[in-house]
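Architecture and fold: a report
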Amino acid sequence: MPIWEDPKAGAAELVDAFAAMPLAEMMAAAEARTLAGHGAIVTYSRKVFIPLTKLCRDVCHYCTFAQTPARAGDAFLSREAVLSIARAGAALGCREALFTLGDRPEARYSAAREALAALGHETTLSYLAEMAALVFDETGLLPHLNPGLLDAADYAALRPHAASMGIMLESTSPRLCEKGGAHHGSPDKEPARRLAAIAAAGEANVPFTTGLLIGIGETRLERIEALFAIRDLHRRHGHIQEVIVQNFRAKPGTRMADHAEPSVEDHLWTIAAARLIMGAEMTIQAPPNLHDRSALGDLIRAGLNDWGGVSPLTPDHVNPEAPWPHLEVLADATADAGRALRQRLAIGARHARNATAWCDPRIAPAVLRAVDGRGLPKDADWSVGHGDPVPDLAPAPATGAIARILDRAAKGERLNEQEVAHLFTAEGRDFEAVCALADTVRADAVGDTVTYAVNRNINYTNICLYRCGFCAFSKGSTRAMRGPAYRLDFEEIGRRAAEAVARGATEVCLQGGIHPDYDGNTYLAILAAVRAAAPDIHIHAFSPLEVTHGARTLGLPLEDFLSRLKQAGLATLPGTAAEILDPEVRAILCPDKVSATEWLQVMRAAHTGGLRTTATIMFGHVEQYRHWAGHLAQVRALQEETGGFTEFVPLPFVHMEAPIWRKGLARSGPSYREAVLMHAVARIVLHPVIANIQVSWVKMGPEAAAAVLRAGANDLGGTLMDESITRAAGGVNGQEFGPEEMIALAAGAGRPARQRTTLYERVPDHRPAMTE
C-alpha cells in the first residue's frame, strides 16, 4: 500500500516520503489517480466575475482586490450593474455567476454601512443574498458565493440563492498570522476560524470549494497539514467539491511585492500531493492564468482535472495582472496533454448528480435539468422525443481504462458492475470504441439484417391508481388530469385488434393504467375480446404491474394467474415496469409500484410457465451509472437462469411532461451520448445470452435510431399504429412508423431490413413482408 493510502500515516511521514520520490515519479502516481477518477476529461466553468464590493475588513499583505473607500469608488455594485454583468455573461454562454467580495466591510468602514443603508440593507450578506437571487431569477446563471467567514445562520440565509459557496483555507499555519506574516492584521484568516467556517458549510449541506495558497511563507509540512484538515472535513461531511492549489503571485503596491513566488516545480509538487492525499474522486484545481501556457500540460500531469472558472467577459479581479486564457488556447493546451476540455456548472459534478440532496429546492431543478448522469452539462442540445437532429459530439482521446475493459469484453470475459458503469463515461475515441465493439458483437450474434414488427398498441385505459413520477400518460382518477381520462370498452378493444389484422399487423400490444375497477377478471376479459375479434393475432400484453395486480385481486399465486392468462390467449409479456431495478431509485421514481424483486419474480414465473417476455430499462431521470450497471447485471442473471427474454429494450426517459421533471426532481432525460451508449453497452454486457437489442424509434427519432443501429442494435421494434405513452410525455416523433419507413431507416444505416414476428421468426408468406 502506498503511504498516501495508509490512514495512519501522518503529515511528517508523507513529507518525508514525498521528499524521497523524484518529482516525475510523484506526478506519475498522481496522474494515474486522476485518470482513474476522471478519465481524460478536464473541466472548467464558464463564468462571469461579479465583484459585489472591494471593501474588506481584513488586510492581507498580498491582496490587490481589497480597496479602501477612497480608492474603491462606489462601495457596492448597484443592482443594475450586477444584472448588466450577469445578462452579458448569459448572452455569451456563461453558466456561473461568481460573486467575490470583501469580508463584512461594514464592520470596518462607515462608507460601507452608509452604502448598505441606501440599498436597504444592514449587512453585506443580506445584499449578497438579494443579488444572487436576482441574478438566478433573471438570467438563470448559477451563483457561486465567496463572502468570507460564515456561520450556520449565514449559510441558511444564503443557501437558497447559491449552487455552491467557497472560502480558501489557504493555510493552517498560525505563524502566518503573527507579525510579519502574510495574514497579520487579518483576523478572518486565522486557521481555526476558517476551518470552523468550512465545517459549518458541511453541516449546512453546502457544496463547497476551498484550497491552498502556496508560497506565502508556509512550509511543505504545513501544506500537507492543511490538506489533511480539508480531507478530514470532507470525510466527515462529503461537501468539498474541489480543492484549489493556487500559487502566490507578487503584486506591485503590496507589502509582499518583493516576496519570492513559488516555482513551477513547487506548484507541481503541491498539486501532486493534493491528488495523492485527497484521492481519485476529488476535483483538484489550479488557475490557468497564473502560469505560461507551456506549464499547463505539466499541471495536468501533476494531478489537476479542473481549471476553475474562466470568463469570456470579465477579468480576474483577484489577479488582474493575469488575464484569462482564451478558451481555444485552454482547449488546445489541454488537448496537448492528452485530455479533453469540458464545461461544468458552478456546482461540481459529484454534487450535481445529487442536487436534490445538496441544493436548496429553488436551485436544484436548474441543476438537475442541465446535467447528464455524470453531473456535467449535457453534451449537446438534444433531447429524447424532441425531434432534434443528431448532434456532433466533442472529441476526446482514448483512455487505457476503457481499452482494458473492452479488451476483456472482446475476449468473452464477464465484466463486473464497476467496469460496466465506467463504460458509460466513454466519450470521444472511447465512445467510438464502445460502439464499434458493440457493432461487431451484433454482427457476430445476429448478422446485418434489421428486424421490425408490424403491430398495434392498444392502451385500454389511462386511469391509474399509481403515481409514477415519470408517467405523463396516466390519470389519477376518472376526472381529467393533464388531458382527458378514458377507458376503452371490450368491444372497442376487439374492434381495434381486428382493424390491426386488416392492416397487416401480426401483434397487438396491450397495456394500460391500473384502473380502480379492474381486477384479474378484467385482464382475462380483455384477452377474450381480442381473441374473439382477431383469433390468430399474437397477443403481447400486461406488464408485471398488471400481472401482480390481477393475481392479487383474485387471491391467486402469480403462477396460477399467468396460467389463466396463457389459456385465455396471452402469448408473451412486455417487460415494462422495470424502470431501474434498484430500490434506491424506485423509492424516488415509483415508490408504490412493484418492487425490483417483484418484477423479477413475475418475469421468472412467466418464463417458467412457458411465456416469453421482453426486458426493458427506463433511464435518464434520477439514477446514476452504477444503477444502470446493476440493472443490466440482474437482467443477465435472470436470462442465464430462464432464457425467457426475447430482447432488451432501452427506453430513454422523455421528460417534457413527466411530473417528476416538472417538479424539478429529475434530469432532462439522457444525453445523446448516453442514449447511444446504453444500447451499445447492453449489447456487450448481455452477449451472448440476449440476442436482440431494440432501439425505440418513437423515443430516439429516426436519425438517432439509425445511429444506434451502428452501435449494437438490430431491431427497430414495432410500427405501433397508435403510440400514445411517449406522445403524452411530450414526444414528437409520431404515432406510427410503417414498414416502408423502417426499411428506409435501416438502409440509411447501410443495412437490410425484414419484418419479424414477436418471437423473431420470419413472417408467414401470406403476411405483407419486406424482401431483403
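Right, let's walk through the structure included here.

**Description of the packing of helix α1 (residues 11–19) against helix α9 (residues 220–237)**
- Packing of α1 against α9 brings their axes to within 9 Å, and their N-to-C directions diverge by 125°. In this view, α1 runs oblique relative to α9, as classed from their interaxial angle. In this structure, α1 meets α9 at a crossing whose hand is right-handed. Along its contact with α1, which presents A11, A12, L14, V15 and F18, the element α9 presents R220, L221, I224, E225 and F228.
- Class assignment for the residues of the contact of α1 with α9 results in eight nonpolar, no polar and two charged.

**Some words on the layout of surface pockets**
- There is about 1,100 Å³ of room inside the second largest pocket.
- In this structure, the second largest pocket is lined by 41 residues; those nearest its centre are G37, E281, R353, H422 and T425.
- Elements represented by at least two residues in the lining of the second largest pocket include exactly α2 (23–38), β1 (41–53), β6 (240–247), α13 (349–352), α16 (400–410), α17 (417–423) and α25 (625–642).
- Ranked by residue count, the leading element in the lining of the second largest pocket is α17, at four residues.

**As for the packing of aromatic side chains**
- For the coordinates displayed, the defined rule picks out 15 aromatic pairs.
- Aromatic side chains F76 and Y127 sit 5.9 Å apart centroid to centroid with 90° between the ring planes, which places their arrangement in the edge-to-face category. A residue pair is termed long-range when its members are at least 10 positions apart, and F76 in the loop between α3 (69–72) and α4 (79–91) and Y127 in helix α6 (residues 124–139) qualify at 51 residues. This pair shows no difference in class: F76 is buried, exactly as Y127 is.
- Ring centres 5.5 Å apart and planes at 80° place the aromatic pair F619 and W628 in the edge-to-face group. With respect to class, F619 is no different from W628; both count as buried.
- One aromatic cluster in this structure is built from F424, F619, Y625 and W628.
- The ring of W269 is capped by R220, whose NZ or CZ atom sits 4.2 Å from the centre of that ring.
- Seen from the ring of W661, R369 lies directly overhead, with NZ or CZ sitting 4.4 Å from the centre.

**Quick word on helix α22 (residues 558–567)**
- Every buried residue belonging to α22 is among L558, F561, L562 and L565, and all of these are buried. What you see down the axis of α22 is that its buried residues fit within an arc of 100°, all on one side.
- Where α22 terminates, the next one or two residues include G569, which has phi positive at roughly 125°.

**Some remarks on the sheet that holds strand β18 (residues 753–755)**
- Pairing is parallel in the open sheet, where three strands are placed in the order β17-β10-β18. Edge strands, defined here as strands with exactly one partner in the open sheet, are β17 (715–718) and β18. If you compare each strand with its neighbour and ignore which way they point, the axes differ by 15° on average.
- Pairing of strand β10 (residues 450–453) with β18 involves three bridges; the strand directions are parallel. Bridge pairing links Y452 to Q755 in β18.

Thresholds applied
Residues numbered from 1 in each chain as written. Predicted model: local features only at pLDDT ≥ 70, side-chain atom pairs only at ≥ 80, totals over all residues. Heavy atoms only, no water. Axes fitted to C-alpha atoms, helices over the stretch in contact; angles between N-to-C directions. Helix = DSSP H or I, 4+ residues; strand = E, 2+ residues; numbered from the N terminus. Parallel < 35°, antiparallel > 145°, perpendicular 65-115°, else oblique. Left-handed = near helix turned anticlockwise from the far one by under 90°. Contact = heavy atoms within 4.5 Å. Nonpolar A, V, L, I, M, F, W, Y, C, P; charged D, E, K, R; others polar. 1 Å grid on protein atoms, 1.4 Å probe; cavity = no way out; pocket = protein on both sides within 12 Å on 5 of 7 lines; lining within 4 Å. Points joined across faces, edges and corners; volume = space filled by probe spheres on them. Phe/Tyr/Trp six-rings, centres within 6.5 Å; stacked < 30°, edge-to-face > 60°. Buried < 20%, exposed > 50% of the residue type's maximum accessible area, 1.4 Å probe, protein only. Lys NZ or Arg CZ within 6 Å of the ring centre and 35° of its normal. Arc of directions from axis to C-beta. Pairing = 2+ DSSP bridges.

Limitation: the analysis is restricted to geometry and does not speak to function.
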